[in-house]
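The chain contents come next:
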Amino acid sequence: GGGAAACSALALSQRDDHAQARLASTERLLHQPPRKRIAIYGGSFNPITNAHLNVAAEIMHSKLADEVWITPCGVRPDKPSLKTSMIHRLVMCHLAVDTTFGSRFGVKVCDCEADKPRAMPSVVLMRQLAEKYPEADFVFACGSDQISEV
């Protein structure tokens, strides 16, 4: 008799411990600040246009992301018509963003491909950004001309 009661008490105690651990985990999740959602808007941006800037602004206004990072690609062997250097396209993006949006609006330019010899596959870029910025969630945005490629 006494052994069964002790086993029942132990089982109840363990169940209570598990419930308390789940409750503590849930409370931690509820009290964490929300993660920043960053849309990576990739493209050649040769040149960056008002349409590109409007897409970035629309992403922000629709609250689909907290920030939009316009990310010009590196050299693309599949796009031989892309003659403008990465650094020139990057500078054009900075000029366009800086003269269009206020510094607190959330549209930025990402230079993560600037030092690469060629464009990174999107999935590789997204993985690298997730590793570099573990506190953020990344989503990918691209022009309708790239949907079939993604």
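Conventions we followed
- Along each chain, numbering runs from 1 in the same order as the chain's sequence is written.
- Thresholds applied to this predicted model are a pLDDT of at least 70 for local features of residues and 80 or more for the giving and counting of side-chain atom pairs; totals over whole chains, interfaces and linings are not thresholded and use all residues.
- Processing note: side-chain calculations cover all non-hydrogen atoms of the structure and skip hydrogens and water entirely.
- How sure the predictor is of each residue is captured by pLDDT, a score from 0 to 100.
- What counts as a helix is a DSSP run of H or I of at least four residues, what counts as a strand is a run of E of at least two, and both are numbered from the N terminus.
- Here the term patch refers to residues with relative accessible area over 30% and no salt bridge, with like charges joined within 9 Å and nonpolar side chains (Val, Leu, Ile, Met, Phe, Trp, Tyr) within 5 Å.
- Per-residue and other accessible areas were derived by the Shrake-Rupley procedure at a 1.4 Å probe size, with only the shown protein chains allowed to occlude residues.
- Throughout this description, the term salt bridge denotes a Lys or Arg side-chain nitrogen within 4 Å of a carboxyl oxygen of Asp or Glu.
- A 1.4 Å probe rolled over the protein chains alone gives each residue an accessible area, and that area as a share of the maximum for its type sets the label: buried under 20%, exposed over 50%, partly exposed in between.
- Here, a disulfide means two cysteine sulfur atoms that sit within 2.5 Å of each other.
- What counts as a ring pair is set by centres within 6.5 Å for rings of Phe, Tyr and Trp (its six-membered ring), and what kind of pair is set by the plane angle: stacked under 30 degrees, edge-to-face over 60, tilted for all other angles.
- This arc corresponds to the set of directions leading from the helix axis out to the C-beta atoms.

Participant: Honestly, the confidence of the model for the protein chain in this entry has me stumped. Any pointers?
Facilitator: Close reading of the predicted structure is inappropriate where its pLDDT is low. Summing up the model confidence of the protein chain, the mean pLDDT is 86 and the portion of residues at 70 or higher is 80%. Within the protein chain, the lowest mean pLDDT, 61, falls on helix H1 (residues 2-31), and the highest, 98, falls on strand E3 (residues 107-109).

Participant: Would you take a moment to explain unusual backbone geometry for this structure?
Facilitator: Here Asn46 and Pro47 are connected by a cis peptide whose omega angle stands at 0°. Among the secondary structure elements, Pro47 is positioned in the loop between strand E1 (36-43) and helix H2 (50-61). Within the chain, Phe45 stands out as a residue other than glycine whose phi angle is a positive 50°. With a phi close to 65°, Lys63 is a non-glycine residue in the positive phi region. Checked against the element boundaries, Lys63 lands in the loop between H2 and strand E2 (67-72).

Participant: Explain a nonpolar patch on the surface to me, please; I cannot follow it from the model alone.
Facilitator: On the surface, a cluster of nonpolar side chains totalling about 280 Å² of accessible area is made up of Ile87, Val91 and Leu95. Its location among the elements puts Val91 in helix H3 (residues 86-100). Its relative accessible area of 43% is what places Val91 among the partly exposed residues.

Participant: Before we go on, may I ask you to explain the state of the cysteines in this structure?
Facilitator: Here a disulfide denotes a covalent bond joining the sulfur atom of one cysteine to the sulfur atom of another. Throughout the structure, instances matching the rule amount to zero disulfides. As a non-bridged cysteine, Cys93 has Cys73 as the owner of its nearest cysteine sulfur, 9.7 Å distant. Classification of Cys93 as buried rests on a relative accessible area of 0%.

Participant: Just checking my understanding: could you explain the packing of aromatic side chains for this structure?
Facilitator: Aromatic rings considered in pairs are described by the distance between their centres and by the relative angle of their planes. Overall, the coordinates contain five aromatic pairs when judged by the stated rule. Ring centres of Tyr41 and Phe45 lie 5.4 Å apart, and the angle between their planes is 90°; this geometry places the pair in the edge-to-face category. For the pair shown, Tyr41 and Phe45 are each scored as buried. Ring geometry for Tyr133 versus Phe138: centroids 6.2 Å apart, planes at 55°, classification tilted. An aromatic cluster is present here, built from Trp69, Tyr133 and Phe138 joined pairwise through their rings.

Participant: Even after reading the chapter, I still don't get the environment of Thr49, so can you show me in this structure?
Facilitator: Residue position: Thr49 is located in the loop between E1 and H2. A sequence separation of 44 residues divides Thr49 from Cys93, and the C-alpha atoms of the two residues are 9.0 Å apart.

Participant: Honestly, helix H4 (residues 122-132) in this entry has me stumped. Any pointers?
Facilitator: Each turn of an α-helix holds 3.6 residues, which means side chains three or four residues apart point in the same direction. Turning to H4, its buried residues are Leu125, Met126 and Leu129. Buried residues in H4, looked at end-on, bunch into an arc of 95°, giving them a common side. The exposed set on the far side of H4, more than 90 degrees from its buried face, consists of Arg127 and Glu131.

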